[in-house]
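Understanding the architecture of this molecule
Each chain, written out:
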Amino acid sequence: MISFVKMQGNGNDFIVLDNGDGSFSSRALSDAAMRFCRRRKSLGADGILVVEKSVQADFAMRLFNADGSEGEMCGNGARCISRYAFEKGIAGKEQSFSTLAGIMRAVVDPPFVDLSMGTSSLSDGWYNRSVKAGDRIFQCSFLWVGVPHAVLFPEEPLSDEEMVKIGRTLRNNTGLFPDGANVNFVTPKDEGSIFSVTYERGVEDLTESCGTGSAASAVCWILRNGPLPEMAVVEVFNPGGINTVTLSFSENGREVSASLKGRTVMVAEGFLLEEDK
């Protein structure tokens, strides 16, 4: 039996495991993600979050997507694992943790977690290009916010089926995105807010929410509409909830620091059984 906690952040759901003793190998964690994240046949989740020891921070976070691949970073997942670490006494309200994308810092005020996502280089991305997907052309931007994100600005409403098809096409376009990419569909909402739906690499489907996608969408929205402010707060509405993204741009406009605040929910705690194969 494997003890777990099921969590979600704005509908982005995860199985959280404690591997502080190192009993699970990377291969075992990858296999567990493919096995236990299956909807209807198993517990179901977008991915598995793993707490491990770190010499650099309070703990280390690892993320295994539902397809078994290991991801560099996940904003909503990071918020969930921060809440988990606080509730389990692994870290305090103010904490740091290492990821493949670098050291992250968070402040936990249950049920909310405010995650500092560090600084991203805007010079490494590209913005407001015309990109073709199938028979459609979109204005598109691309940047890294821990993980690679393409941000599209549709001029007309798209169905979920259309977004899946377009997202899958672009996600696998290695000419544009050599490492693949998450694909975000962004439309304006009220003043100071946007609506963003994300096709997630590794999940290979639309998700209820994406934390890094919310940050990427907010950055590209600001860059698209200019002029560039010193600081901006953008409410990002996802199908599963709201992420508040706070952005601070460098004076030369080449870097941006982002923080992500939203709710986390501890849904259930129990054991994963060997019968589930």
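Up top is the structure.
1. A word on the environment of N19
- Its place among the elements puts N19 in the loop between β2 (12-18) and α1 (26-36).
- C-alpha of N19 to C-alpha of N225: the two residues are 206 residues apart in sequence and 44 Å apart in space.
- Excluding residues that lie within four positions of it along the chain, N19 makes contacts with F24, L29, V50, V51 and E52.
- Here E52 takes part through its side chain, which lies 2.8 Å from a polar atom of the side chain of N19.

2. Considerations on a nonpolar patch on the surface
- Judged by side-chain polarity, M1, F271 and L273 come together as a nonpolar surface patch covering roughly 360 Å² of accessible area.
- Looking at where L273 falls in the secondary structure, it is placed in the segment after β18 (265-272).
- L273 gets classed as partly exposed once you look at its relative accessible area, which sits at 44%.

3. Brief notes about the packing of aromatic side chains
- Across all of its chains, the model carries five aromatic pairs by this definition.
- Seen from their ring centres, F59 and F97 are 5.1 Å apart, and the 10 degrees between their planes marks the pair as stacked. Within this pair, whereas F59 is found in strand β4 (residues 59-65), its partner F97 is found in strand β6 (residues 94-99), the two being separated by 38 residues in sequence. Taken individually, F59 and F97 each receive the classification buried, so the pair is uniform in this respect.
- With a centroid separation of 5.2 Å and an interplanar angle of 40 degrees, the aromatic rings of F142 and F177 are classed as tilted. Remark: F177 occurs in the loop between α3 (160-171) and β12 (182-188) and F142 occurs in strand β10 (residues 136-145); sequence separation between them is 35 residues.
- Aromatic ring contacts, followed pair by pair, group W126, F142 and F177 into a single cluster.
- The side chain of R224 reaches across the aromatic face of F153, ending 4.4 Å from its centre.

4. Remarks on the environment of F153
- Following the sequence through the fold, F153 ends up in the loop between β11 (147-152) and α3.
- Note on F153: relative accessible area 4%, which makes it buried.
- For the pair F153 and F138, spaced 15 residues apart in sequence, the C-alpha separation works out to 6.5 Å.
- For F153, the contacting residues outside a window of four places in its chain are N128, Q139, S141, V186, C220, W221 and R224.

5. Brief notes about the nonpolar core
- Counting 48 residues, the largest nonpolar core has L49, M61, F97, L115 and L247 as its most contacted members.
- Here this core gets seven residues from one element, more than from any other, and that element is helix α4 (residues 211-225).
- With residues up to four places along the chain from it excluded, the contact list for L49 reads F14, I15, V16, L17, M61, R62, L63, G77, C80 and I81.
- If you look at the next biggest cluster of nonpolar residues, it comprises 20 residues, including C140, V164, F177 and Y199.

Cut-off values and rules
- Residues numbered from 1 in each chain as written.
- Predicted model: local features only at pLDDT ≥ 70, side-chain atom pairs only at ≥ 80, totals over all residues.
- Heavy atoms only, no water.
- Helix = DSSP H or I, 4+ residues; strand = E, 2+ residues; numbered from the N terminus.
- Contact = heavy atoms within 4.5 Å.
- Polar contact = N/O pair within 3.5 Å; in protein donor to acceptor, adjacent residues only side chain to side chain.
- Patch = residues over 30% accessible without salt bridge, like charges linked within 9 Å, V, L, I, M, F, W, Y side chains within 5 Å.
- Areas by Shrake-Rupley, 256 points an atom, 1.4 Å probe, with all protein chains shown as cover.
- Salt bridge = Lys/Arg side-chain N within 4 Å of Asp/Glu carboxyl O.
- Buried < 20%, exposed > 50% of the residue type's maximum accessible area, 1.4 Å probe, protein only.
- Phe/Tyr/Trp six-rings, centres within 6.5 Å; stacked < 30°, edge-to-face > 60°.
- Lys NZ or Arg CZ within 6 Å of the ring centre and 35° of its normal.
- Core = buried A, V, L, I, M, F, W, Y, C linked by side-chain atoms within 4.5 Å.

The values are spatial; any link to function lies outside them.
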